[in-house]
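Results of the structural survey
Now for the letters of each chain:
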Amino acid sequence: GENVEQHPSTLSVQEGDSAVIKCTYSDSASNYFPWYKQELGKRPQLIIDIRSNVGEKKDQRIAVTLNKTAKHFSLHITETQPEDSAVYFCAASRRGGKLIFGQGTTLQVKP
Amino acid sequence: NAGVTQTPKFQVLKTGQSMTLQCAQDMNHEYMSWYRQDPGMGLRLIHYSVGAGITDQGEVPNGYNVSRSTTEDFPLRLLSAAPSQTSVYFCASTLSGGGTDTQYFGPGTRLTVL
């Protein structure tokens, strides 16, 4: 079945450094790739997304890249801040409402 | 707009009991979904709906039923609760079209089955 693998499971960086989280997906028909941030006890919040017809998208300190041939996509956070500490999830979808999530990455930004 | 609402926020059940988790959205979204999130894990899709009267199974549908009689509501029914169903349940609705499938999550229901 459809599967999304996410790495690493935990990531610790110093404030100001960059963080990169990578995901691979199995369904070649997937065409929508969102990233969510989830703080402890809260609901997931969309931080950035990308469609399959776009290779890269940037929004201030965060960017997502997509390689359709290799079926992988990555989240890049630059100039990390302590408030970036959270669990990040990637997901893939070929149809609205049917997201398949990765296992999550716990990001810790040390002051 | 209230967005996506879920009730109850917390629930404790005994093994074998049944219950319905409520989900409603006031954004006129066509797509709605149910996920469960176990501790330290990602979200797994239980059931989803692409419109009133249409539902389909996700990754982990066993033990759960859904129906979609209106665009606004998408209840999730646990038929006979088991300890393995202890989890946090999130409902979501999706704005689809215009190059995006932005999914909005409700606040979640924390369910414990004893």
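Report on the accompanying structure. (Residues numbered from 1 in each chain as written. Chains lettered and ligands numbered in written order. Predicted model: local features only at pLDDT ≥ 70, side-chain atom pairs only at ≥ 80, totals over all residues. Heavy atoms only, no water.)

Right, let's get into the interface of chain A and chain B. Between chain A and chain B, the contact holds 19 residues from the first and 23 residues from the second. Interface of chain A and chain B: buried area, both sides summed, is about 1800 Å²; carbon and sulfur atoms make up 53% of it. Contact with chain B buries surface across chain A, with Arg43(A), Gly97(A) and Phe101(A) losing the most and accounting together for 27% of the total. Taken together, the connections running from chain A to chain B amount to 4 residue pairs in polar contact (both at pLDDT 80 or more). Sorting the residues of the side of chain A that touches chain B by element identifies strand S4 (32-38), strand S5 (45-51) and strand S10 (100-101) of chain A as the ones contributing at least two each. Along the lines of polarity and charge, the residues of the side of chain A that touches chain B split into 8 nonpolar, 5 polar and 6 charged. (Contact = heavy atoms within 4.5 Å. Buried area = accessible area lost by both parts, 1.4 Å probe. Polar contact = N/O pair within 3.5 Å; in protein donor to acceptor, adjacent residues only side chain to side chain. Helix = DSSP H or I, 4+ residues; strand = E, 2+ residues; numbered from the N terminus. Nonpolar A, V, L, I, M, F, W, Y, C, P; charged D, E, K, R; others polar.)

This next bit is on the pattern of salt bridges. Tallied over the entire structure, the rule returns 7 salt bridges over all chains. Linking Lys57(A) and Asp49(A) is a salt bridge whose minimum nitrogen-to-oxygen distance equals 2.9 Å. Here Lys57(A) falls in the partly exposed class, since its relative accessible area comes to 36%. Asp49(A) sits in the buried class, given a relative accessible area of 10%. Counted as one network, the salt bridges with shared partners bring together Arg36(B), Asp38(B) and Arg44(B). (Salt bridge = Lys/Arg side-chain N within 4 Å of Asp/Glu carboxyl O. Buried < 20%, exposed > 50% of the residue type's maximum accessible area, 1.4 Å probe, protein only.)

Note on terminology: a disulfide is the covalent bond linking the sulfur atoms of two cysteines. Residue and element names in this part refer to chain A. Inspection of the entire model under this criterion finds 2 disulfides over all chains. Here Cys23 engages in a disulfide with Cys90; their sulfurs sit 1.9 Å apart. Looking along the S-S bond of the Cys23-Cys90 disulfide, the torsion reads about -100°, which is the left-handed sense. Remark: Cys90 occurs in strand S9 (residues 86-92) and Cys23 occurs in strand S3 (residues 19-25); sequence separation between them is 67 residues. Residue Cys23 is classed as buried on the basis of its relative accessible area of 1%. (Disulfide = S-S within 2.5 Å.)

Residues and elements named next belong to chain B. Tracing the backbone through its elements, the reader meets Thr109 in strand S11 (residues 109-113). In this structure, Thr109 is in contact with Gln6, Thr7, Pro8, Lys9, Leu21, Ser87, Val88 and Tyr89, ignoring residues within four places of it in sequence. Reaching out from Thr109, the side chain makes a polar contact with the backbone oxygen of Pro8 at a distance of 2.6 Å.

Moving on, we come to the pairing of S3(A). Residues and elements named next belong to chain A. A one-sided burial pattern is seen for S3, the buried positions being Ala19, Ile21, Cys23 and Tyr25 and the unburied ones Val20, Lys22 and Thr24. Bridging between strand S1 (residues 4-7) and S3 involves 4 bridges; their strand directions are antiparallel. Directly across from Val4, in S3, lies its bridge partner Tyr25. Bridge analysis of S3 against strand S8 (residues 72-77) gives 6 bridges, and the strand direction is antiparallel. Looking at the pairing, Ala19 lines up with Ile77 of S8. (Pairing = 2+ DSSP bridges.)

Turning next to the layout of surface pockets. Reported here for the largest pocket is a volume of approximately 700 Å³. Around the largest pocket sit 33 residues that line it, and Gln38(A), Gly41(A), Gln37(B), Val88(B) and Arg110(B) are the ones nearest its centre. Ranked by the residues each element gives to the lining of the largest pocket, the list is headed by S11(B), at 4 residues. Of the residues assigned to the lining of the largest pocket, the class counts are 12 nonpolar, 15 polar and 6 charged. (1 Å grid on protein atoms, 1.4 Å probe; cavity = no way out; pocket = protein on both sides within 12 Å on 5 of 7 lines; lining within 4 Å. Points joined across faces, edges and corners; volume = space filled by probe spheres on them.)

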